[in-house]
Amino acid sequence: MNDALNRESWLVSLRASIPEVSPAEALARQTRGALLVDVREEGERAAGMPAGALGLSRGFLELRIEQSEPDRARPLLTLCGSGARSLLAAEALRRMGYREVASVAGGFERWKTEGLPVSAAALDADAAERYARQLRLPQVGEAGQAKLATAKVVLLGAGGLGAPAALYLAAAGVGQLTLVDDDRVERSNLHRQVIHADARMGMAKTESARLALNALNPRVRVETRNERLRADNVERLLGGHELVIDGADNFPARYLLAAATRRLRLPMVYGAVERFTGQVSVFDPRRNDAPCYRCLFPEPPAAADAPNCSEAGVLGVLPGIVGLLQATEALKLILGIGEPLVGRLLSFDALGMRFRETRLPRDPACPGCGAAARFTGYEDIAAFCAAAG
């Protein structure tokens, strides 16, 4: 009883110091340039919010408001479900130095009752809960999550690198993952290709991966292409996607991938592992200053100089580390945040537990992207790689 009385007297004192406006007046002020801040939780906003409002949960208001609105002179309006939390939010904003702050009386319930404009939530209740920790990042938020939901990523390989990359891209809410692999699950895969399971041995890797990804996040659409990348299918398999995760285990596929991503202007997130070391970089043909894969490897090495994992061996956790770095770069590219590994090669030594970054400039004489480079067809690239092997 005393707690209820104390709360009511506290709200009365807040109302005496914080101006309250009707939803209609709030809308009018919003039209004149005021920022309306919906301080309800993500799950509450899933049912909709006032059109044009900024969604910023009360618990994170003081941490993030300056990133959204640094101007202390701009009029701010706070809104919650019924009008109580918005008073607390308005009082907090005043303490932070925002000079013109008001609370919307009656909150969102009254806003809806009066028939004022409401925008459909970018996220439903399931998505708001599923991605709650990610949504709290100012660099992601609902707008970023919407970008992820419409993104289409193709992964070449559902093995060592593709497994961790696919799992974390699916968990993050990337809308469509297309898996390209013609191999089947073997027992020797399981120590590093954690997307598969002992019970699915003999199953196509694409189908095994699809089952795991759908179990993790049924919201993600998983497309499977149970075929090997070749000169006659590379553009068909890559077209219509936003970026490519390179999880290939052979040089012919990588050179085809490098040529096709340049022609289709798709970023290629490169990754490679051997024994205890790995490499990651991003080749982005949309940027004029970006190197391409052949700036790093102008010609494919002989097979004896570049053994694959089945020949040289690999520490099981290493593809997981490199694949997660690839997934991180992919998410940054989709969201348009951070500094991608363009023009930089990141190398990892598991035994020494060291990362080393090497500058990778564009090569003017590169046979893939240099001034004199000429594309003569994917068949020629395949034959070129075969001759090198």
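In the block above lies the structure referred to throughout.
Scope of this entry: the structure provided in the associated data block. Just so you know, these numbers come straight off a predicted model, no measurement behind them.

Topic: the nonpolar core
Side chains that are nonpolar tend, in soluble globular proteins, to be buried together.
1) Next: Of all hydrophobic cores here, the largest spans 44 residues; its most connected members are Val-153, Leu-169, Val-174, Leu-177, Leu-213 and Ile-245.
2) Next: Top contributing element to this core by residue count: helix H16 (residues 317–335), with 8 residues.
3) Next: With near-sequence residues (within four places) excluded, Ile-245 lies in contact with Val-153, Val-154, Leu-155, Leu-156, Ala-165, Leu-169, Val-269, Gln-326 and Ala-330.
4) Next: Listed in part, the 30 residues of the second largest apolar core include Val-154, Phe-283, Tyr-293 and Ile-381.

A word on helix H10 (residues 162–172)
1) Next: Most of H10 is tucked away: 9 of the 11 residues are buried.
2) Next: Those residues of H10 not exposed but buried are Gly-162, Ala-163, Pro-164, Ala-165, Ala-166, Leu-167, Leu-169, Ala-170 and Ala-172.
3) Next: Looking at the residues trailing H10, positive phi occurs at Gly-173, about 100°.

Digging into the pairing of strand E5 (residues 76–79)
1) Next: The two faces of E5 match: Leu-76 and Thr-78 on one face and Leu-77 and Leu-79 on the other face are all buried.
2) Next: Looking at chain direction, E5 and strand E6 (residues 101–104) are connected through 3 bridges and run parallel. Bridging across to E6, Leu-76 finds its partner in Val-101.
3) Next: Between the parallel elements E5 and E6, the chain passes through helix H5 (residues 85–95) in a crossover that is right-handed.

Some remarks on the pattern of salt bridges
1) Next: Following the criterion strictly, the structure yields 29 salt bridges and no others.
2) Next: Measuring nitrogen to oxygen at the nearest pair gives 2.6 Å for the salt bridge that ties Glu-66 to Arg-72.
3) Next: Several salt bridges converge on common partners, so that one network encompasses Glu-25, Arg-29 and Arg-32.

Calculation rules
Residues numbered from 1 in each chain as written. Predicted model: local features only at pLDDT ≥ 70, side-chain atom pairs only at ≥ 80, totals over all residues. Heavy atoms only, no water. Core = buried A, V, L, I, M, F, W, Y, C linked by side-chain atoms within 4.5 Å. Buried < 20%, exposed > 50% of the residue type's maximum accessible area, 1.4 Å probe, protein only. Helix = DSSP H or I, 4+ residues; strand = E, 2+ residues; numbered from the N terminus. Contact = heavy atoms within 4.5 Å. Pairing = 2+ DSSP bridges. Right-handed = clockwise from strand over helix to strand, strands pointing away. Salt bridge = Lys/Arg side-chain N within 4 Å of Asp/Glu carboxyl O.

Function cannot be inferred from these measures alone, as they are strictly geometric.
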